[in-house]
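So the chains spell out like this:
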Amino acid sequence: MPFAGGEHYYAYWSSGQYSPDIASLNTSLPIAVDLETKNLYSHEVIGTSLCIDPKKGSYFIPSLLSLSNHQRYIFHNANFDLRVLKRNGVSIPEDRIEDTWVQAHLIEEKDKRLSSLAHRYFGARFAEYKTSISGAEELSLSAWAAYSCPHSLYTYMLYELFSREITRLGMEHLYRDIQLPLIPIIIDMEDNGIAIDTSAITTLKNSLMRECELLNEAMVYWGGLGVNFSSGEQVGRLMLKLGIPLTRLTQKKKLPSTRNEHLVSLRGTHPFINLLIRDRACKKLLNTFIAEIESSIGEDSRIHPHFNQTGTGPGRFSSTNPNGQNIPVRSEEGKKVRRAFVAGPGMVLVVADYSQIELRCLAFCSNDQAMTRAYRENKDLHLETAIDVIGDPRRRFAGKTMNFSLVYGSGDEGLAKDANVSVATIREWKEKYFQKYWGVARYIERVRESAQRTGKVVTPNGRVRTIPGLTQGESKKDVEHALRQAVNTIIQGFAAEIVQQGMIRMSRAIAGTRAKLLLQVHDELVYECPPEEVKDLVRTMEEVLPHKDFDVPVEIGVGHSWGELTKYDRKGWAEVDEKKALR
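Attention in this report is confined to the structure presented alongside it. (Residues numbered from 1 in each chain as written. Predicted model: local features only at pLDDT ≥ 70, side-chain atom pairs only at ≥ 80, totals over all residues. Heavy atoms only, no water.)

Let us look at the overall build of the protein chain. Within the protein chain one finds 20 helices and 19 strands. Relative to its 583 residues, the protein chain shows a buried fraction of 49%. In the protein chain, of all internal contacts separated by at least 6 residues, the share reaching a separation of at least 24 is 66%. Here the protein chain displays about 27900 Å² of accessible surface, and carbon together with sulfur accounts for 49% of that area. (Helix = DSSP H or I, 4+ residues; strand = E, 2+ residues; numbered from the N terminus. Buried < 20%, exposed > 50% of the residue type's maximum accessible area, 1.4 Å probe, protein only. Contact = heavy atoms within 4.5 Å. Areas by Shrake-Rupley, 256 points an atom, 1.4 Å probe, with all protein chains shown as cover.)

As structure tokens, then:
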């Protein structure tokens, strides 16, 4: 029987007996759908609300609606609804999906909650969600209509509004060809998870705990038993007592700053500083990475991180439970953490790493001849910079720091600390750098001028990002930081889009095989497959992952552990030593 729950809300309730097939609605227009579950973590569907025409209101059916693969569906946060549908044996093709949550991110809405958006644009007020809904048969029809129907109604209304804005901003390609196809890929990646060697995690944990004990004993030698080495004020006073050179003082108490970036600049000036830096690094590994990994291991001995495709402005994924993006890449501890990420029984990890993708994006966007030629001729760009800019081939690391400072938007002071030289020296190096890479200099100037004029930047795939800090009244320092971020946003965003486009092509190419994508971290894609499929998977990676417009080499490693990969040899899987990879 129909029930009118207000001017726009309508619902059908007949004790679960009425469950129409959406295909029978025979409409070419998209349908907004919102699934109701017992709670936010349940996949037990207790009702579906839908909106076919906002002018006619929305409807509620107390069951999982039968969905047609020929219809287009609008969701708000499709990641949730599609996951619920997947658990209930329902699959919707990627080209049948619309998502107002993703649209809200692309048009730079800070608060993407449906209730907030509906209130902002339409003045509506309704409950966003309930943490627990149980006993569906006991709820009155009016209660269900009041809670559920506004979700699908305002999802549809926002879709109409946001779609026009996406088109106006020129982000239709980014939205349809990159962002929407990623949603089911992310869901599968989260469901797949990756196996964890718990014994390796325990061994690393015990080793770090023992090292922390020894470090504390050594620090007590310098500070005495009464010092709390976690207290910035007490450590600052101890630094004064030990005669450690001053870098920065705190504003309130005028004590030496104990922020990590300031301590790093003091490395080697006193044994206590080295001990303190190492102690903090060990505790960060223990309290952030190790503890988070341990608490995230499921009954299947795997972790299933949550990947958020709308978590950063430039478009890179963020992740939680655990945050894989924060695992150190190059440090020995980072390698030890990665060794605990392993293939499942009878499987092998195959990892693709886009080599220096940000710098290659910079070379492509700037069309810098020297940088492009270095990559085309397979030269070491960091060594080239060390020789021609710094004048010392032994200072390759400083050359690397110079190169990446442009991508990550480092200021002169930060760059000077990273390279362990004076600010004046950095300015001399930058002048020589832009003489060598004059195409990069010209490109950066164009981006800065455009950002100052329009207040925004656009990536090659059309992602539009507003750059805060460029309005009148901002300090010169803030404006300079914003201008560096303008360049960073384009390069980081383009790099993210290249990796994501590779994920989409790979997903389609490996359909029907046993290969699975497990993780996307930094510029790496971690896959798992049986040993007998490694050759085919590597061949597919080599054909599918490279960018079609410019050369971004993809380095492929194979092994049992993410931290102990063997570079794949084109001659074949036998060259990798299958027994070693499967040990």
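Read from one edge to the other, the open sheet built from 5 strands follows the order S5-S4-S3-S6-S7, with strand pairing classed as mixed. A single partner strand is all that each edge strand has here, and the edge strands are strand S5 (57–61) and strand S7 (97–99). The sheet shows a mean angle of 30 degrees between the axes of neighbouring strands, taken without regard to direction. Pairing geometry for strand S3 (residues 31–37) and strand S6 (residues 73–75), over 2 bridges, is parallel. Within S6, the residue paired with isoleucine 31 across the bridge is tyrosine 73. (Pairing = 2+ DSSP bridges. Axes fitted to C-alpha atoms, helices over the stretch in contact; angles between N-to-C directions.)

By size, the foremost hydrophobic cluster in this structure holds 159 residues, and its most contacted members are Phe272 and Phe341. Of the residues forming this core, the biggest block, 14 residues, is contributed by helix H18 (residues 476–509). If we ignore the near neighbours within four places in the chain, the residues touching phenylalanine 341 are Ile194, Ala195, Ile196, Ile293, Ile303, Ile327, Leu349, Leu519, His560, Ser561 and Trp562. (Core = buried A, V, L, I, M, F, W, Y, C linked by side-chain atoms within 4.5 Å.)

In this section: helix H13 (residues 381–390). Working note: α-helix, 3.6 residues per turn, so residues spaced by three or four point in the same direction. Buried within H13 are the following residues: Leu381, His382, Thr385, Ala386, Val389 and Ile390. Buried residues along H13 cover an arc of 145 degrees about the axis, so they all sit on one side. By the N-cap criterion, in which a side-chain oxygen at the helix start approaches the backbone nitrogen of a residue two or three places on, H13 is capped by aspartate 380, the distance to histidine 382 being 3.1 Å. Downstream of H13 by one or two residues, glycine 391 has phi in the positive range, about 80 degrees. (Arc of directions from axis to C-beta. Polar contact = N/O pair within 3.5 Å; in protein donor to acceptor, adjacent residues only side chain to side chain.)

As a further point, take the pattern of salt bridges. As enumerated under the stated definition, the model contains 33 salt bridges in all. Between arginine 465 and glutamate 108 there is a salt bridge whose closest N-O contact spans 3.9 Å. Placement of the pair is arginine 465 in strand S15 (residues 464–466) and glutamate 108 in the loop between helix H2 (100–106) and helix H3 (114–122), with a sequence separation of 357 residues. Given a relative accessible area of 7%, arginine 465 falls into the buried group. Put simply, arginine 278 and glutamate 211 hold a salt bridge, and the shortest N to O gap is 2.7 Å. Here arginine 278, found in helix H9 (residues 271–296), pairs with glutamate 211, found in helix H6 (residues 198–223); they are 67 residues apart in sequence, far enough to count as distant. Classification of glutamate 211 as partly exposed rests on a relative accessible area of 25%. (Salt bridge = Lys/Arg side-chain N within 4 Å of Asp/Glu carboxyl O.)

Most of S3 sits inside the fold, with 7 of its 7 residues counted as buried. Judged from the 6 bridges that link them, S3 and strand S4 (residues 45–53) form a sheet pairing that is antiparallel. In the sheet register, glutamate 36 faces S4, and the bridge partner there is glycine 47.

A cis amide bond, omega -5 degrees, links asparagine 321 with the succeeding residue proline 322. Following the sequence through the fold, proline 322 ends up in the loop between strand S11 (318–320) and helix H10 (332–339). Positive phi values are uncommon outside glycine, yet asparagine 77 reaches one of about 70 degrees. In this fold, asparagine 77 is placed in the loop between S6 and helix H1 (78–87). Judged by relative accessible area, asparagine 77 falls into the partly exposed class, the value being 28%. The backbone phi angle of asparagine 321 is positive, close to 55 degrees, even though this residue is not glycine. Relative to the elements of secondary structure, asparagine 321 occurs in the loop between S11 and H10.

We now examine helix H11 (residues 357–366). In terms of burial, H11 is a largely internal element, 9 of the 10 residues being buried. Turning to H11, its buried residues number three or more, namely Ile357, Glu358, Leu359, Arg360, Cys361, Leu362, Ala363, Cys365 and Ser366. One or two positions beyond H11, positive phi appears at asparagine 367, with a value near 55 degrees.

For the rest of this paragraph, the subject is a nonpolar patch on the surface. On the surface, Leu240, Leu246 and Leu249 cluster together into a nonpolar patch covering about 270 Å² of accessible area. Checked against the element boundaries, leucine 240 lands in helix H7 (residues 232–241). (Patch = residues over 30% accessible without salt bridge, like charges linked within 9 Å, V, L, I, M, F, W, Y side chains within 5 Å.)

A few words now on the side chain of arginine 302. The residue arginine 302 is located in strand S9 (residues 302–303) in this model. A residue is classified by how much of its surface remains accessible, and arginine 302, at 13% relative accessible area, is buried. Excluding its chain neighbours within four sequence positions, the residues that come into contact with arginine 302 are Asn192, Gly193, Ile194, Ala195, Ile196, Ser296, Ile297, Gly344, Leu518 and Glu528.

Checked against the element boundaries, isoleucine 74 lands in strand S6. Each C-alpha atom, one on isoleucine 74 and one on cysteine 51, is 9.3 Å from the other, the two residues being 23 residues apart in sequence. In contact with isoleucine 74, not counting residues within four places along its chain, are Pro30, Ile31, Ala32, Val33, Glu98, Thr100, Thr155, Tyr156 and Tyr159.

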